[in-house]
Amino acid sequence: MPSRLNPYLTFDGDARQAMEFYKEVFGGTLALNTYGEFGEKEAGDSVDKIMHSQLETDSGFTLMAGDVAPGMEFRPGNTISVSVSGEDDAELRGYWAKLSGDGTVSVPLEMQMWGDVFGMCTDRFGITWLVNISGQTS
């Protein structure tokens, strides 16, 4: 397997719901493992929370996530966003519609000065998504 870079998201107890939502958006295969499944002795109330999950899509996307580890503090921030880009207008607009549907749009999906259609939204789980459709003419 070649080296790859992919986002790893941390949630405060709703990683399962978030990753199931992203599977609905992007399709693919989702693997979910709880702290309890890994025999985490310190899991306590976190036994059913997600220790690690991985979504692999037919488009070649990989998204990983988990719930904050037992005993660690959850500190949400705005230092990460996830970018989805390409040339397939229909596919990318479909992702946009689902991601922004119950979220907040900060930049509408429209033609930008660099010649691509671009939009930015924050989904219902607080994750910022950048969608860029290249090769557009209008």
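Preceding block: the structure.
Below is a summary of the structure that appears in this document. (Residues numbered from 1 in each chain as written. Predicted model: local features only at pLDDT ≥ 70, side-chain atom pairs only at ≥ 80, totals over all residues. Heavy atoms only, no water.)

1. A look at the overall build of the chain
Our working rule: What counts as a helix is a DSSP run of H or I of at least four residues, what counts as a strand is a run of E of at least two, and both are numbered from the N terminus. The buried label applies to any residue whose accessible area, calculated with a 1.4 Å probe on protein chains only, is under 20% of its type's maximum; exposed applies above 50%, and partly exposed to all values in between. In this description, accessible areas are obtained by the Shrake-Rupley approach with a 1.4 Å probe, and a residue is regarded as covered only by the protein chains that are shown.
Summing up its helical and strand segments, the chain has 2 helices and 8 strands in all. Each of the three principal axes of the chain carries a C-alpha extent, and together these read 55 × 30 × 25 Å. Considering the chain as a whole, with its 138 residues, one finds that 34% of them fall into the buried category. For the chain, the exposed surface amounts to about 8,100 Å²; the carbon and sulfur share of it is 49%.

2. A few points about the sheet that holds strand 6 (residues 104–111)
Stated formally: DSSP bridges decide pairing: two strands pair if at least two such bridges lie between them. Note on geometry: axes are lines fitted to C-alpha atoms, helical ones only across the stretch in contact, with angles between N-to-C directions running from 0 to 180 degrees.
Within the open sheet, the 4 strands sit side by side as 5-8-7-6. Their pairing is mixed. Each edge of the open sheet is held by one strand with a lone partner, namely strand 5 (81–86) and strand 6. Looking at each pair of strands side by side, their axes are set apart by 10° on average, direction ignored. Note that strand 6 and strand 7 (residues 117–122) share 5 bridges and pair antiparallel.

3. Regarding the pattern of salt bridges
As a reminder of what qualifies: Criterion for a salt bridge: a side-chain nitrogen of Lys or Arg within 4 Å of a carboxyl oxygen of Asp or Glu.
Per the stated rule, a full pass over the model turns up 2 salt bridges. Residue Arg-93 pairs with Asp-89 through a salt bridge whose shortest N-O separation is 3.0 Å. Of the two residues, Arg-93 and Asp-89 are both situated in helix 2 (residues 89–101); the distance of 4 residues between them amounts to about one turn of the helix. Note on Asp-89: relative accessible area 26%, which makes it partly exposed. Between Asp-102 and Arg-124 there is a salt bridge, and its shortest N-O distance comes to 3.5 Å. Pair noted here: Asp-102 is in the loop between helix 2 and strand 6 and Arg-124 is in the loop between strand 7 and strand 8 (128–133), with a separation of 22 residues, a long-range link.

4. Quick notes on the nonpolar core
Selection rule: Residues grouped as a nonpolar core are buried Ala, Val, Leu, Ile, Met, Phe, Trp, Tyr and Cys residues, joined through side-chain atoms within 4.5 Å. In this analysis, two residues are considered to be in contact whenever any of their non-hydrogen atoms come within 4.5 Å of each other.
One finds Leu-9, Phe-11, Tyr-22, Phe-26, Leu-99 and Trp-129 to be the most contacted residues of the largest nonpolar core, which totals 28 residues. Here Trp-129 is in contact with Tyr-22, Phe-26, Leu-63, Val-82, Val-84, Leu-99, Gly-119, Met-120, Cys-121 and Asp-123, once residues within four sequence places are set aside.

5. Brief notes about the pairing of strand 7
Regular strands show a simple pattern: their side chains alternate between the two faces of the sheet. Joining the antiparallel neighbours strand 6 and strand 7 is a turn of 5 residues, in which Gly-115 adopts a positive phi near 95°. Here 6 bridges tie strand 7 to strand 8, and the two strands are oriented antiparallel to one another. What sits directly across from Val-117, in strand 8, is Ile-133. Connecting the antiparallel pair strand 7 and strand 8 is a turn made up of 5 residues, with Gly-126 showing a positive phi of about 85°.

6. Considerations on the packing of aromatic side chains
Note the following rule: By convention, a stacked pair of Phe, Tyr or Trp rings (six-membered ring in the case of Trp) has centres within 6.5 Å and planes under 30 degrees apart, an edge-to-face pair has planes over 60 apart, and any other such pair is tilted.
As enumerated under the stated definition, the model contains 10 aromatic pairs in all. Taking the centre distance of 5.4 Å and the plane angle of 65° together, the rings of Trp-114 and Phe-118 count as edge-to-face. Among the residues examined, Trp-114 registers a relative accessible area of 46% and is labelled partly exposed. Judged by relative accessible area, which is 15%, Phe-118 ranks as buried. Joined through ring pairs, the aromatic side chains of Phe-11, Phe-21, Tyr-22, Phe-26, Phe-61, Tyr-95, Phe-125 and Trp-129 make up one cluster.

All quantities given are derived from atomic positions and should not be read as evidence of function.
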